[in-house]
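# Notes for the structure review
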Amino acid sequence: MNTSQLSGQRRGSSRGVIRTLFLVGLLALAVSIASSGGVASSVGPDATEIDRCMEITEPGEYVLTEDLQPSAPENLTLDTGTYPESACIAVNATGVTIDGQGHEINGTGAHANGSGQYYGVRIQNLSASAGTDEASALSASITNVTLTEWSRGVYSYNSHALLLNESTIRSDLPGQTSGLYLRYSDNATIRKNVIDGPSKGVGLLEASHDANVTDNTITNTDIVAIEAHGDRLLATANHIEDYGGSLDARGFYLEGSADALIADNVVLDGYEGIAAFGGPDANVKILNNTLRGDHAAIAIDDRDGNLPGSATVAVRNNTIDEFDRGIEVQHRTAAPTVVDNDVTNASVVGIVTFGGSDHGLVESNVVTASDAGIQVHSNDTTVQDNDFSGNDRALDLRRSKDSTIRRNDLSASQTVGAYLLGLNSGTVLANNTITDSNGAGVEITVLNDDASDVVLENNEIARNQAEGVLVDNENELSEPGRRNPVIHGNNISANGAEGIFDGDGINATYEDNRIANNTERGIYVRGYARNATVRNNTVLDNGGVGVQVGQDPSGGVPNATVVDNSLTNNSDHAIVIEEESPDLLVANNSMRDHEVDLRLHHAGGVAVRDNSFETGIAFGVEDGDDYVHDMSENAFHDGSALYYAAGDTTPSVPDDAKQVIVVDADGLGLSGLDVTTGEVPTGLLVATSNGSSVEDVSVTGPARQGVRLVSLANSTVDGVTVDGARRGIVVATSP
């Protein structure tokens, strides 16, 4: 141990009358020092002078009177044989106040001529019986000192109420260095300090609880600026810059810290801005910070927690720019609150909530110029009133159960407004604005039998360059699973392709939507879709068919239901049914202003009931079975009948029928019939009825074909007249 222990003289204790003569001069000198350093003195005129490295073993006030530059380890205070981590100033007493008066304690020489880790100031009870108990704790205050080139600028072990104030710590030493390193030290206050260059700025480790880290400037660290393992950290108004670009370099790193508040800090240019890991990170609040950097601005992960839902986190009012990920909440973080944050230029995602971070609230955030506005992988999450416009895609929803996505702006995406992947059972997207994307408005992507089970309701889905809503399959078809998407009450309009394109939905329901002015079809259900219900939609002014069902590579789309829809002025047919589509129902639809209302194309066995027509039904057939359907109670808007009979050799055609279709009736006898048509595809169609007699029939009106006779082998046709049709009588020997 250095023999100069407490060697500084006490002012006034040995000077007698001299104190009286020079008191005024000494006070003036103290004021001069405080003024030149910009820091008021923290000690009185009787403070013990420090003019060399020393161990302090008595409480009291101490003041540096000159710079200290120990040239070798042997010039440090503690014997390096006993204490390899020696120090220039060793505080081995409680109630110690040190005022550096702006002087520097420089460790360059000690490190240049030694091989250990040496500390500028070491605060530790060095008695043999000392531990981490309260009785062994020391208290110290350090103000206005500059500590340069130390492995640890200040090291504290089991201190209470340490104050480090208005000091500067700098280090360019290689290896892992720290500006301030606390272990088992509670109620520390670290404020208005400048820390530059060590690999770690402030370390609050091993039960260093209740720290207050305020208004510090910490720059050029390459591992972490502020690290806390203790509870109840308060870190406010710090400026952190250039905190390291290597993997896991961080501005703030919290490990298992409960009740922490990180607020009003500026954190610039490093790998992760604020990271809270471990468990339980309970009641962590991250508020009003400004962050710019590389990988993740704010990363919350309770992956090491023992119980699900062991952490709660509030992330509010932060401004974030130029990260891969803006706000990332993972694993067991329970009920995270992410509110009023502003994220720009996130190259991967603005906000992401991962599995286990359930029951969260994401509200009133703005994310723009990013790859994804938000990714939701968690369950029971509410995402509401956010602006996710102007990103590559606004919403990425992946296997999120029972979540609510509502009242968000999901517009102006470069690819897709909302991308929904996998099983999202019970999740609802409601009252969102999903417009003006360069791709689809909403893409629901099936992953084999693990497929999307989601509700879209009351959304504005408009002016997207591709489909309004796209249901598709990412992989090869497998056994149908629970998919059940419900598209309900949406305005789907002015999109660049179909309003709704369903290529792989299972048990999909499309109901109560307004589907208008889309470039191609209004609703198109095809491919491997099964059991679709198209109900009570208003479908108008689309550039293609209003509702089209069919074109499955393996046949028709089975078990589809098209009911109670209003279809108006679509530029092609109102409804088209394609291919063999078993158990398909078209009922109670109203169709106006189409060249053809309903086309049954290569489709047989369709139930067509109680529909209201303006231009009737047309057929596209490959064989005779394509004419055979279950049709009844269909009529035109004026109440006149659309008459269809299959297998009836003596049909009773109503007098007011505007379109008459009789098929599959060998031995048919049809005579004395007068049909006044509207603008229907065919006024009278008789098909696949061999050995029949069609006599004394007149068809009058603007039909495209007055009479069409198909596959009537060994039949008699006589006295058939047509007036007003574009084409008169067409006879075909086969379908």
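Keep in mind that what you see is a predicted model, and the values were worked out from it rather than measured. (Residues numbered from 1 in each chain as written. Predicted model: local features only at pLDDT ≥ 70, side-chain atom pairs only at ≥ 80, totals over all residues. Heavy atoms only, no water.)

## Side note on the pairing of strand 16 (residues 200–205)
For strand 16, the buried fraction is high: 6 of the 6 residues fall into the buried class. Summarising the sheet, strand 13 (residues 178–183) and strand 16 pair through 5 bridges and their orientation is parallel. Among the inter-strand pairings, Ser 178 is bridged to a residue of strand 16, identified as Lys 200. The pairing of strand 16 with strand 19 (residues 224–228) spans 4 bridges and is classified as parallel. Bridge assignment links Gly 203 to a residue of strand 19, and that residue is Glu 227. (Buried < 20%, exposed > 50% of the residue type's maximum accessible area, 1.4 Å probe, protein only. Helix = DSSP H or I, 4+ residues; strand = E, 2+ residues; numbered from the N terminus. Pairing = 2+ DSSP bridges.)

## So, the side chain of Glu 227
With respect to the helices and strands, Glu 227 occurs in strand 19. At a separation of 2.8 Å, a polar atom in the side chain of Glu 227 contacts the side chain of His 229. (Polar contact = N/O pair within 3.5 Å; in protein donor to acceptor, adjacent residues only side chain to side chain.)

## Quick notes on a negative patch on the surface
Residues Glu 580, Glu 622, Asp 623, Asp 625, Asp 664 and Asp 666 make up a contiguous surface patch of negative charge. Within the secondary structure, Glu 580 is located in the loop between strand 59 (575–578) and strand 60 (585–587). Exposure remark for Glu 580: the relative accessible area of 41% places this residue in the partly exposed category. (Patch = residues over 30% accessible without salt bridge, like charges linked within 9 Å, V, L, I, M, F, W, Y side chains within 5 Å. Areas by Shrake-Rupley, 256 points an atom, 1.4 Å probe, with all protein chains shown as cover. Salt bridge = Lys/Arg side-chain N within 4 Å of Asp/Glu carboxyl O. Lys, Arg positive; Asp, Glu negative; His and termini not counted. Charge placed at Lys NZ, Arg CZ, Asp CG, Glu CD.)

## Examining the confidence of the model for the protein chain
Averaged over all residues, the pLDDT of the protein chain equals 89, while 90% of them reach at least 70. A low-confidence stretch, residues 1–36 (pLDDT under 50), is modelled with 35 contacts involving residues beyond four sequence positions or located in other chains. (pLDDT = per-residue confidence, 0-100. Contact = heavy atoms within 4.5 Å.)

## A short note on the pattern of salt bridges
A side chain of one charge can pair with a side chain of the opposite charge when the charged atoms of the two come close. Using the criterion set out here, one finds 19 salt bridges in the structure. For Lys 200, the salt bridge identified is with Glu 227, shortest N-O distance 3.3 Å. With a gap of 27 residues between them, Lys 200 in strand 16 and Glu 227 in strand 19 connect regions that are remote in the sequence. This pair shows no difference in class: Lys 200 is buried, exactly as Glu 227 is. One salt-bridge network, in which partners are shared between bridges, spans Asp 371, Asp 392, Arg 393, Asp 396 and Arg 398.

## Things to note about the sheet that holds strand 68 (residues 642–646)
Strand order in the open sheet formed by 5 strands is 68-69-71-73-75, with parallel pairing between adjacent strands. Two strands close off the open sheet at either side, each with one partner strand: strand 68 and strand 75 (727–732). On average, each strand axis in the sheet is tilted by 5° relative to the strand beside it, whichever way the strands run. Relative to strand 73 (residues 705–710), strand 71 (residues 682–687) runs parallel, the two sharing 5 bridges. The partner of Thr 682 across the bridge, within strand 73, is Gln 705. (Axes fitted to C-alpha atoms, helices over the stretch in contact; angles between N-to-C directions.)

## Some thoughts on the environment of Val 343
With respect to the helices, strands and loops of the structure, Val 343 is situated in strand 33 (residues 342–344). Taking the relative accessible area as the measure of exposure, Val 343 reaches 1% and is therefore buried. Once the C-alpha coordinates of Val 343 and Ile 320 are considered, the two residues, 23 residues apart in sequence, prove to be 4.6 Å apart. For Val 343, the residues in contact, after removing those within four places along its chain, are Ile 320, Gly 326, Gly 350, Val 366, Val 367, Thr 368 and Ser 370.

## Section: the sheet that holds strand 30 (residues 319–321)
Remark on secondary structure: sheet strands pair via backbone hydrogen bonds, oriented parallel or antiparallel. Read across the sheet, 11 strands follow the order 6-9-12-15-18-21-24-27-30-33-36 without closing on themselves; strand pairing throughout is parallel. Only two strands of the sheet have a single neighbouring strand rather than two, namely strand 6 (104–106) and strand 36 (366–368). Pairwise comparison of adjacent strand axes, ignoring direction, gives a mean angle of 10° for this sheet.

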